[in-house]
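In case you want the letters, here they are:
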Amino acid sequence: MTENALDSRLAVVILAAGQGTRMKSSLPKVLHRIGGRPLVGHVLDTARDLAPAHVVVVVRHERDLVADAVLGIAPEVVVVDQDEVPGTGRAVEVALDALGSFDGDVLVLSGDSPLADFDTLDAFVAGHRAAQAEATLMTAVLDDPTGYGRIIRESDGSVARIVEQKDASPDEAAVSEVNAGMYVFTAAILREHLPQVGNDNAQNEKYLTDIVALVRRTDGRVAASVAKDVTVTYGVNDRVQLSEVGRLLNARTVRRWQLEGVTVLDPATTWIDVTATLAPDVTVLPNTHILRSTTVAEGATIGPDTSLVDCEVGVGATVTRTDATLAVIGARATVGPFAYVRPGTELGARGKIGTFVETKNSTIGEGSKVPHLSYIGDTSIGRNVNLGAGAITANYDDITKHRTEIADEVHAGSHNVFVAPVRIGEGAKTGAGAVIRKDVPAGALALSIAPQRNVAGWVENNRPGTGAAEAAARARSAQEAGDGSQEAAHG
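This is a predicted model, so every value here is computed, not measured. (Residues numbered from 1 in each chain as written. Predicted model: local features only at pLDDT ≥ 70, side-chain atom pairs only at ≥ 80, totals over all residues. Heavy atoms only, no water.)

The final tally for this structure, using the stated rule, is 27 salt bridges. Note that Arg153 and Glu177 form a salt bridge whose closest N and O atoms lie 2.7 Å from each other. Taken together, the residues Arg153 in strand S8 (residues 150–153) and Glu177 in strand S10 (residues 177–186) connect sequence positions 24 residues apart. Taking the relative accessible area as the measure of exposure, Glu177 reaches 11% and is therefore buried. Where Glu244 meets Arg247, a salt bridge forms, and the shortest distance between an N and an O atom there is 2.6 Å. Taken together, the residues Glu244 and Arg247, both in helix H8 (residues 239–259) and three residues apart, mark about one turn of the helix. For Glu244, a relative accessible area of 33% corresponds to the partly exposed category. Given the relative accessible area of 42%, Arg247 is considered partly exposed. Each of Arg37, Asp45, Arg48 and Glu76 takes part in salt bridges that share partners, so that together they form one network. (Salt bridge = Lys/Arg side-chain N within 4 Å of Asp/Glu carboxyl O. Helix = DSSP H or I, 4+ residues; strand = E, 2+ residues; numbered from the N terminus. Buried < 20%, exposed > 50% of the residue type's maximum accessible area, 1.4 Å probe, protein only.)

Take a look at the structure:
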């Protein structure tokens, strides 16, 4: 987000009242997410970058859901309710009432057009002011204008009117220049003409676009600004457009980080939310998702095949083929491959969470290693600890979860089970296969070994006719023959 001086002559109105029936969803259209934010969240971010004196968001369908989301992102905005009168004209009318005596310029944006960026909108407002226009439209030239209002121009090139798709004649429908759904009006012209806008159209709605003809009728100036990059005008009306706009936003985000010094080997398979932060000299390998509020520090390598959600990755860390959420990974630590790092995990500097390891709600201290095939949950591990393969912290007794504490410099053997609550003291050792049910004092060796008992001939007696029995018989015969030869030699 950029920091700009307050523009006391600018108000922004964001239209977010529609249901979006083509989404075929119980979720309001403007709350569908791309790039880590709802669609309307991207519009709010750009609006705030413009530093207007006022931001008003108009809501109606699923009013509380949309209002809560809007205020969660931008608590300073004003949310107003559209009444039973449908249409964009009515939406702007109720927003204008909320602006009170404001007499500057009103920038109207759609809550489902997340690609409109600061540079485009800043230039759009500046062009409106330079032209001293009462109304300025942003337009786009599309190969397929289906679904958009058409821009009808006079012979001198000026804007005559906007015709909605359902109201267009065949000649008008053939026009490829369309209304992009972004406008700048003077507040005075809105107050003068909005009460005159009717709903005599195919949709029985009060169209904001009808103001264009009313302004022309009174010899007012209507300007139009053709978008240089048509993608900034793209709106979302269905799931196909949602994925396409999401892809374009992601490509823009990846490119921005590349220009900031991040190496992205395969932009096509890398997804970075706009809410994530990457430092210079980070390397992102293919098929990697860096999502929500994840931060990645200098020199870290992420991927391939990795998903980080709300994680913090330290300087020089390496995270490979890992699924991690709400985790902290320390400087120069290593995670993966094939690790599942669940919320509450904190891995210290130079620590290791290795292959096929799952962790949850656990702190693993500096230099400590959980190399492979382990589950570590609700555990505190100190510094320079090494857990052998197959370590399990049994933290749940069917009623309550308990904690395991493993102090500094502990070395545990392979296939250990730590039955919580239990504490392993400083410098202690545990033998392979140990089941640790009691606290282990500092410096002690903990063993839980039953004497091994071999029952000779059990397979031949109990599994006759099997391959194992036949192999055992051959081995026994060979051994007996060898023993006989040794006896003869010594005889």
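Structure's up, so let's keep going.
What follows deals with the packing of aromatic side chains. In this structure the tally under the stated criterion is two aromatic pairs. Residues Tyr183 and Phe185 carry aromatic rings whose centres are separated by 5.7 Å and whose planes lie at 25° to one another, so their mutual orientation is stacked. Across this residue pair, the class does not change: Tyr183 and Phe185 are buried. When the ring of Phe338 is compared with that of Phe356, the centres are 5.3 Å apart and the planes differ by 10°; the resulting orientation is stacked. One end of the pair, Phe338, is in the loop between strand S24 (334–335) and strand S25 (339–341); the other, Phe356, is in strand S27 (residues 352–360), and 18 residues separate them in sequence. Relative accessible area serves as the criterion here: at 46%, Phe338 is assigned to the partly exposed category. Its guanidinium or amino end placed over the ring of Trp257, Arg256 lies 4.7 Å from that ring's centre, counting from NZ or CZ. (Phe/Tyr/Trp six-rings, centres within 6.5 Å; stacked < 30°, edge-to-face > 60°. Lys NZ or Arg CZ within 6 Å of the ring centre and 35° of its normal.)

With respect to burial, strand S7 (residues 135–141) is a largely interior element, six of its seven residues being buried. Of the strand pairs in this sheet, S7 and S10 are connected by six bridges, and their pairing is antiparallel. Bridging across to S10, Ala140 finds its partner in Val178. Sheet topology note: the S7/strand S11 (residues 222–226) ladder contains five bridges and is parallel. Each bridged residue has a counterpart across the sheet, and for Met138 the counterpart in S11 is Ser225. (Pairing = 2+ DSSP bridges.)

With that out of the way, let us pick up a nonpolar patch on the surface. A grouping of Phe338, Phe356 and Leu373 is seen on the molecular surface, where their side chains present a nonpolar patch of about 340 Å² in accessible area. Under the relative-accessibility criterion, Phe356 is labelled exposed at 51%. (Patch = residues over 30% accessible without salt bridge, like charges linked within 9 Å, V, L, I, M, F, W, Y side chains within 5 Å. Areas by Shrake-Rupley, 256 points an atom, 1.4 Å probe, with all protein chains shown as cover.)

Turning to the sheet that holds strand S26 (residues 346–347), a few remarks are in order. With respect to topology, nine strands assemble into an open sheet ordered S14-S17-S20-S23-S26-S28-S30-S33-S36, the strand pairing being parallel. This sheet does not close on itself; its edge strands, each paired only once, are strand S14 (277–278) and strand S36 (422–424). Direction of pairing for strand S30 (residues 379–381) relative to strand S33 (residues 404–406): parallel, over a ladder of three bridges. When the sheet's bridge partners are listed, Thr379 is paired in S33 with Thr404.

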